[in-house]
Amino acid sequence: MNRLSDFMLPPANSTFAAETDALFNFINVVSLILLIGITVTMIYFAIKYRRKSEDDTTPLITHNSKLEITWSVIPLILVMIVFGWGYNGYLTKTNAPDNAYEIRAIAKSWLWEFHYQTGHVSVNELHVPANRPVKMIISSDDVLHSFYIPEFRVKMDAVPNRYTSVWFEAIEPGEAILYCAEYCGSAHSNMLADVVIHSQEDFETWLETGDAIDDDLSPVELGEQLVQRQGCLACHSTDGSTLQGPTFQGIFGRDRLLTDGSTVTVDENYIRQSIIEPNTQVAEGFAPIMPTYAGSLNDRQIDAIIEYLKTLD
Ligand code: CUA
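Here's a quick rundown of the structure. (Residues numbered from 1 in each chain as written. Predicted model: local features only at pLDDT ≥ 70, side-chain atom pairs only at ≥ 80, totals over all residues. Heavy atoms only, no water.)

### Remarks on empty space enclosed by the protein
One pass over the full model with this rule turns up 1 cavity of 30 Å³ or more. Approximately 540 Å³ is the volume found for the largest cavity. Around the largest cavity sit 34 residues that line it, and His236, Pro246, Phe248, Ser274 and Met290 are the ones nearest its centre. The set of elements that each furnish at least two residues to the lining of the largest cavity consists of helix H6 (268-276) and helix H7 (299-310). Element by element, the count of residues in the lining of the largest cavity is highest for H6, at 4 residues. (1 Å grid on protein atoms, 1.4 Å probe; cavity = no way out; pocket = protein on both sides within 12 Å on 5 of 7 lines; lining within 4 Å. Points joined across faces, edges and corners; volume = space filled by probe spheres on them. Helix = DSSP H or I, 4+ residues; strand = E, 2+ residues; numbered from the N terminus.)

In C-alpha coordinates, the structure reads:
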(Lines give C-alpha, C1' and ligand atoms only; values in the text may rest on other atoms or scores of the structure.)
Protein backbone atom coordinates (compact mmCIF):
# COMPACT_ATOMS: atom_id res chain seq x y z
CA MET A 1 0.00 0.00 0.00
CA ASN A 2 2.87 2.37 0.73
CA ARG A 3 4.27 2.00 -2.75
CA LEU A 4 0.84 2.62 -4.22
CA SER A 5 0.61 5.84 -2.17
CA ASP A 6 4.01 7.03 -3.37
CA PHE A 7 2.90 6.51 -6.93
CA MET A 8 -0.62 7.95 -6.69
CA LEU A 9 -0.32 10.69 -4.08
CA PRO A 10 1.86 13.64 -3.12
CA PRO A 11 4.38 13.14 -0.27
CA ALA A 12 2.65 12.72 3.07
CA ASN A 13 3.62 14.79 6.10
CA SER A 14 0.90 14.80 8.72
CA THR A 15 -0.29 12.45 11.42
CA PHE A 16 -3.50 11.49 9.64
CA ALA A 17 -2.08 11.31 6.13
CA ALA A 18 -1.42 7.56 6.40
CA GLU A 19 -5.02 6.76 7.31
CA THR A 20 -6.41 9.07 4.62
CA ASP A 21 -4.19 7.41 2.03
CA ALA A 22 -5.09 3.91 3.21
CA LEU A 23 -8.79 4.64 2.73
CA PHE A 24 -8.13 6.27 -0.64
CA ASN A 25 -6.15 3.22 -1.75
CA PHE A 26 -8.81 0.82 -0.41
CA ILE A 27 -11.54 2.56 -2.45
CA ASN A 28 -9.31 2.61 -5.52
CA VAL A 29 -8.28 -1.04 -5.29
CA VAL A 30 -11.84 -2.27 -4.58
CA SER A 31 -13.16 -0.19 -7.50
CA LEU A 32 -10.46 -1.57 -9.77
CA ILE A 33 -11.20 -5.19 -8.80
CA LEU A 34 -14.94 -4.65 -9.36
CA LEU A 35 -14.35 -2.87 -12.68
CA ILE A 36 -12.18 -5.68 -14.01
CA GLY A 37 -14.43 -8.44 -12.57
CA ILE A 38 -17.64 -6.97 -13.99
CA THR A 39 -16.15 -6.15 -17.39
CA VAL A 40 -14.56 -9.59 -17.84
CA THR A 41 -17.80 -11.34 -16.76
CA MET A 42 -19.86 -9.21 -19.17
CA ILE A 43 -17.60 -9.98 -22.10
CA TYR A 44 -17.49 -13.69 -21.20
CA PHE A 45 -21.30 -13.91 -20.93
CA ALA A 46 -21.82 -11.95 -24.13
CA ILE A 47 -19.73 -14.48 -26.00
CA LYS A 48 -20.95 -17.60 -24.21
CA TYR A 49 -24.67 -16.79 -24.39
CA ARG A 50 -24.71 -15.14 -27.82
CA ARG A 51 -27.41 -16.09 -30.29
CA LYS A 52 -26.05 -19.08 -32.11
CA SER A 53 -28.89 -20.00 -34.48
CA GLU A 54 -32.11 -18.48 -35.89
CA ASP A 55 -34.42 -20.33 -33.50
CA ASP A 56 -32.40 -19.72 -30.32
CA THR A 57 -34.87 -18.56 -27.65
CA THR A 58 -34.11 -17.37 -24.12
CA PRO A 59 -35.93 -19.25 -21.36
CA LEU A 60 -38.11 -17.11 -19.04
CA ILE A 61 -36.18 -16.36 -15.83
CA THR A 62 -38.18 -14.43 -13.21
CA HIS A 63 -35.55 -14.11 -10.48
CA ASN A 64 -32.74 -15.78 -8.56
CA SER A 65 -32.92 -14.95 -4.83
CA LYS A 66 -29.53 -16.34 -3.90
CA LEU A 67 -27.77 -14.33 -6.61
CA GLU A 68 -29.72 -11.15 -5.87
CA ILE A 69 -28.95 -11.29 -2.14
CA THR A 70 -25.27 -11.89 -2.90
CA TRP A 71 -24.94 -8.92 -5.21
CA SER A 72 -26.75 -6.70 -2.72
CA VAL A 73 -25.01 -7.76 0.47
CA ILE A 74 -21.40 -7.66 -0.80
CA PRO A 75 -21.62 -4.04 -2.03
CA LEU A 76 -23.49 -3.09 1.16
CA ILE A 77 -20.64 -4.45 3.27
CA LEU A 78 -18.06 -2.63 1.12
CA VAL A 79 -19.99 0.65 1.33
CA MET A 80 -20.40 0.31 5.11
CA ILE A 81 -16.66 -0.28 5.50
CA VAL A 82 -15.95 2.88 3.51
CA PHE A 83 -18.58 4.80 5.50
CA GLY A 84 -17.31 3.69 8.91
CA TRP A 85 -13.69 4.29 7.96
CA GLY A 86 -14.49 7.68 6.44
CA TYR A 87 -16.68 8.76 9.37
CA ASN A 88 -13.94 7.84 11.80
CA GLY A 89 -11.48 9.97 9.81
CA TYR A 90 -14.01 12.79 9.60
CA LEU A 91 -14.37 12.84 13.39
CA THR A 92 -10.60 12.94 13.82
CA LYS A 93 -10.23 15.75 11.33
CA THR A 94 -13.05 17.92 12.66
CA ASN A 95 -12.06 17.80 16.34
CA ALA A 96 -8.81 19.62 16.96
CA PRO A 97 -6.93 18.62 20.13
CA ASP A 98 -7.18 21.14 22.99
CA ASN A 99 -3.47 21.92 22.93
CA ALA A 100 -3.53 22.93 19.24
CA TYR A 101 -1.72 26.12 18.26
CA GLU A 102 -4.29 28.41 16.62
CA ILE A 103 -3.54 30.40 13.49
CA ARG A 104 -6.02 32.66 11.69
CA ALA A 105 -6.02 32.38 7.92
CA ILE A 106 -7.72 35.03 5.82
CA ALA A 107 -8.16 34.42 2.11
CA LYS A 108 -8.33 37.44 -0.17
CA SER A 109 -8.35 37.63 -3.94
CA TRP A 110 -5.56 36.58 -4.44
CA LEU A 111 -3.43 36.01 -1.41
CA TRP A 112 -3.35 34.29 1.97
CA GLU A 113 -2.85 36.25 5.18
CA PHE A 114 -1.94 34.55 8.46
CA HIS A 115 -2.26 35.96 11.98
CA TYR A 116 -0.42 34.27 14.83
CA GLN A 117 -1.11 34.39 18.57
CA THR A 118 1.83 36.73 19.08
CA GLY A 119 0.27 39.34 16.80
CA HIS A 120 2.61 38.40 14.00
CA VAL A 121 1.21 38.62 10.48
CA SER A 122 2.59 36.86 7.43
CA VAL A 123 1.35 36.93 3.85
CA ASN A 124 1.62 33.98 1.49
CA GLU A 125 3.88 32.23 3.99
CA LEU A 126 2.40 29.94 6.58
CA HIS A 127 4.78 29.07 9.41
CA VAL A 128 3.87 26.04 11.51
CA PRO A 129 5.62 23.88 14.09
CA ALA A 130 6.16 20.16 13.47
CA ASN A 131 4.95 17.62 16.02
CA ARG A 132 2.35 19.93 17.43
CA PRO A 133 -1.30 20.12 16.40
CA VAL A 134 -2.10 23.34 14.54
CA LYS A 135 -5.66 24.56 14.21
CA MET A 136 -6.40 26.91 11.32
CA ILE A 137 -9.37 29.24 11.69
CA ILE A 138 -10.22 30.24 8.17
CA SER A 139 -12.36 32.91 6.56
CA SER A 140 -12.50 34.90 3.36
CA ASP A 141 -12.60 38.63 2.77
CA ASP A 142 -14.39 38.40 -0.56
CA VAL A 143 -15.38 35.27 -2.49
CA LEU A 144 -15.12 31.53 -1.84
CA HIS A 145 -11.57 30.21 -1.65
CA SER A 146 -10.31 26.89 -0.34
CA PHE A 147 -7.41 26.13 1.98
CA TYR A 148 -5.65 23.09 0.56
CA ILE A 149 -2.34 21.54 1.65
CA PRO A 150 -1.99 18.22 -0.17
CA GLU A 151 0.99 17.07 1.93
CA PHE A 152 -1.10 17.36 5.10
CA ARG A 153 -4.19 15.88 3.38
CA VAL A 154 -6.34 18.81 4.48
CA LYS A 155 -8.75 20.94 2.51
CA MET A 156 -11.32 23.40 3.82
CA ASP A 157 -13.40 26.10 2.17
CA ALA A 158 -12.74 29.72 3.08
CA VAL A 159 -16.14 31.36 3.23
CA PRO A 160 -16.99 35.08 3.48
CA ASN A 161 -18.68 36.11 6.77
CA ARG A 162 -18.13 32.76 8.37
CA TYR A 163 -15.33 30.86 10.12
CA THR A 164 -14.35 27.36 9.14
CA SER A 165 -11.55 25.39 10.71
CA VAL A 166 -9.22 22.55 10.04
CA TRP A 167 -6.31 21.09 11.97
CA PHE A 168 -3.23 19.05 11.24
CA GLU A 169 -0.01 17.93 12.85
CA ALA A 170 3.05 17.91 10.61
CA ILE A 171 5.54 15.13 11.27
CA GLU A 172 8.77 16.42 9.73
CA PRO A 173 10.18 19.94 9.43
CA GLY A 174 10.36 20.98 5.79
CA GLU A 175 8.31 22.79 3.19
CA ALA A 176 4.99 22.34 1.46
CA ILE A 177 2.65 24.37 -0.70
CA LEU A 178 -0.74 25.74 0.21
CA TYR A 179 -3.07 25.92 -2.79
CA CYS A 180 -6.35 27.69 -3.27
CA ALA A 181 -8.66 24.88 -4.35
CA GLU A 182 -11.77 26.84 -5.23
CA TYR A 183 -11.96 28.70 -8.51
CA CYS A 184 -11.99 32.32 -7.37
CA GLY A 185 -11.23 34.47 -10.39
CA SER A 186 -8.56 35.22 -12.91
CA ALA A 187 -5.54 34.88 -10.58
CA HIS A 188 -6.84 31.76 -8.81
CA SER A 189 -3.89 29.71 -10.04
CA ASN A 190 -1.44 32.24 -8.57
CA MET A 191 -3.06 32.06 -5.13
CA LEU A 192 -0.34 29.98 -3.50
CA ALA A 193 1.43 30.18 -0.18
CA ASP A 194 4.61 28.53 1.03
CA VAL A 195 4.19 26.38 4.09
CA VAL A 196 7.30 26.41 6.27
CA ILE A 197 7.33 23.61 8.81
CA HIS A 198 9.74 24.43 11.63
CA SER A 199 10.97 22.31 14.48
CA GLN A 200 9.23 23.47 17.69
CA GLU A 201 12.29 25.44 18.75
CA ASP A 202 12.71 27.15 15.37
CA PHE A 203 9.04 28.01 15.36
CA GLU A 204 9.32 29.85 18.69
CA THR A 205 12.39 31.66 17.35
CA TRP A 206 10.54 32.60 14.17
CA LEU A 207 7.62 34.00 16.16
CA GLU A 208 10.01 36.17 18.14
CA THR A 209 12.32 37.29 15.38
CA GLY A 210 10.44 36.55 12.18
CA ASP A 211 10.76 40.03 10.75
CA ALA A 212 14.14 40.81 12.27
CA ILE A 213 16.02 39.25 9.34
CA ASP A 214 14.66 42.15 7.29
CA ASP A 215 16.49 44.69 9.47
CA ASP A 216 19.74 44.24 7.60
CA LEU A 217 18.26 44.88 4.18
CA SER A 218 18.37 48.15 2.29
CA PRO A 219 14.95 49.61 1.48
CA VAL A 220 15.19 48.54 -2.18
CA GLU A 221 16.18 44.96 -1.26
CA LEU A 222 13.45 44.77 1.36
CA GLY A 223 10.92 46.17 -1.12
CA GLU A 224 11.84 43.57 -3.71
CA GLN A 225 11.43 40.78 -1.16
CA LEU A 226 8.13 42.13 0.08
CA VAL A 227 6.70 42.41 -3.42
CA GLN A 228 7.51 38.72 -3.90
CA ARG A 229 6.41 37.57 -0.46
CA GLN A 230 3.24 39.60 -0.11
CA GLY A 231 1.54 38.23 -3.18
CA CYS A 232 1.80 41.44 -5.25
CA LEU A 233 3.23 39.53 -8.20
CA ALA A 234 0.08 37.43 -8.55
CA CYS A 235 -1.49 40.48 -10.21
CA HIS A 236 1.34 42.93 -11.01
CA SER A 237 4.19 42.07 -13.36
CA THR A 238 7.63 43.70 -13.27
CA ASP A 239 8.32 43.19 -16.99
CA GLY A 240 5.64 45.39 -18.55
CA SER A 241 3.05 42.67 -19.19
CA THR A 242 -0.49 43.33 -18.02
CA LEU A 243 -2.05 40.91 -15.52
CA GLN A 244 -5.04 41.66 -13.27
CA GLY A 245 -3.37 44.90 -12.19
CA PRO A 246 -1.09 47.46 -13.85
CA THR A 247 2.54 46.42 -14.33
CA PHE A 248 5.13 47.75 -11.89
CA GLN A 249 7.60 48.41 -14.68
CA GLY A 250 8.12 52.12 -15.12
CA ILE A 251 5.14 52.86 -12.87
CA PHE A 252 6.78 55.52 -10.73
CA GLY A 253 6.38 59.07 -11.94
CA ARG A 254 3.94 58.12 -14.69
CA ASP A 255 0.64 59.94 -15.19
CA ARG A 256 -2.25 57.60 -14.74
CA LEU A 257 -5.86 57.87 -15.84
CA LEU A 258 -8.26 56.65 -13.16
CA THR A 259 -11.67 55.02 -13.54
CA ASP A 260 -13.36 58.22 -12.31
CA GLY A 261 -11.89 60.11 -15.27
CA SER A 262 -9.28 62.06 -13.28
CA THR A 263 -5.54 61.77 -13.79
CA VAL A 264 -2.93 61.36 -11.06
CA THR A 265 0.83 61.15 -11.03
CA VAL A 266 2.08 57.92 -9.53
CA ASP A 267 4.12 59.23 -6.62
CA GLU A 268 4.80 58.15 -3.04
CA ASN A 269 1.33 59.18 -1.89
CA TYR A 270 -0.48 57.42 -4.70
CA ILE A 271 1.39 54.16 -4.06
CA ARG A 272 0.85 54.37 -0.31
CA GLN A 273 -2.85 55.04 -0.84
CA SER A 274 -3.05 52.15 -3.30
CA ILE A 275 -1.60 49.77 -0.73
CA ILE A 276 -3.75 50.92 2.20
CA GLU A 277 -7.02 51.76 0.41
CA PRO A 278 -6.53 50.18 -3.01
CA ASN A 279 -9.97 50.76 -4.39
CA THR A 280 -10.20 54.51 -3.87
CA GLN A 281 -8.00 55.27 -6.89
CA VAL A 282 -8.32 52.54 -9.47
CA ALA A 283 -6.42 52.80 -12.74
CA GLU A 284 -8.60 52.99 -15.87
CA GLY A 285 -9.02 49.59 -17.50
CA PHE A 286 -8.71 47.62 -14.26
CA ALA A 287 -11.29 46.22 -11.84
CA PRO A 288 -11.43 47.39 -8.20
CA ILE A 289 -10.38 44.03 -6.78
CA MET A 290 -7.14 44.60 -4.89
CA PRO A 291 -7.28 43.62 -1.20
CA THR A 292 -6.13 46.16 1.39
CA TYR A 293 -2.77 45.75 3.08
CA ALA A 294 -3.76 48.01 5.99
CA GLY A 295 -2.57 46.26 9.14
CA SER A 296 -0.37 43.75 7.37
CA LEU A 297 2.36 46.15 6.16
CA ASN A 298 4.01 48.68 8.45
CA ASP A 299 5.36 52.09 7.40
CA ARG A 300 8.91 50.84 6.91
CA GLN A 301 7.67 48.08 4.64
CA ILE A 302 5.49 50.44 2.59
CA ASP A 303 8.43 52.83 2.23
CA ALA A 304 10.60 49.94 1.06
CA ILE A 305 8.08 48.91 -1.59
CA ILE A 306 7.92 52.51 -2.86
CA GLU A 307 11.74 52.63 -3.06
CA TYR A 308 11.78 49.34 -4.96
CA LEU A 309 9.12 50.47 -7.45
CA LYS A 310 11.23 53.54 -8.19
CA THR A 311 14.00 51.27 -9.45
CA LEU A 312 11.81 49.46 -12.00
CA ASP A 313 12.37 51.54 -15.12
CU1 CUA B 1 -8.67 31.72 -4.13
CU2 CUA B 1 -8.90 30.16 -5.94
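### Re the pattern of salt bridges
Taken as a whole and judged by the stated rule, the model has 6 salt bridges. Its salt-bridge partner being Asp21, residue Arg153 comes within 2.7 Å of it at the nearest N-O pair. Of this pair, Arg153 sits in the loop between strand S6 (145-149) and strand S7 (154-158) while Asp21 is found in helix H2 (residues 17-48), placing the two residues 132 residues apart along the sequence. By relative accessible area, which is 6% here, Asp21 ends up buried. Counted as one network, the salt bridges with shared partners bring together Lys108, Glu113 and Asp141. (Salt bridge = Lys/Arg side-chain N within 4 Å of Asp/Glu carboxyl O. Buried < 20%, exposed > 50% of the residue type's maximum accessible area, 1.4 Å probe, protein only.)

### Some points on unusual backbone geometry
Residue Trp110 is bonded to the preceding Ser109 through a cis peptide linkage, with omega at 0 degrees. Here Trp110 lies in the loop between strand S1 (101-108) and strand S2 (111-115). Although it is not a glycine, Asn124 adopts a positive phi angle of roughly 60 degrees. If you trace the backbone, Asn124 turns up in the loop between strand S3 (121-123) and strand S4 (125-129).

Functional significance is not addressed by these values, which are geometric in nature.
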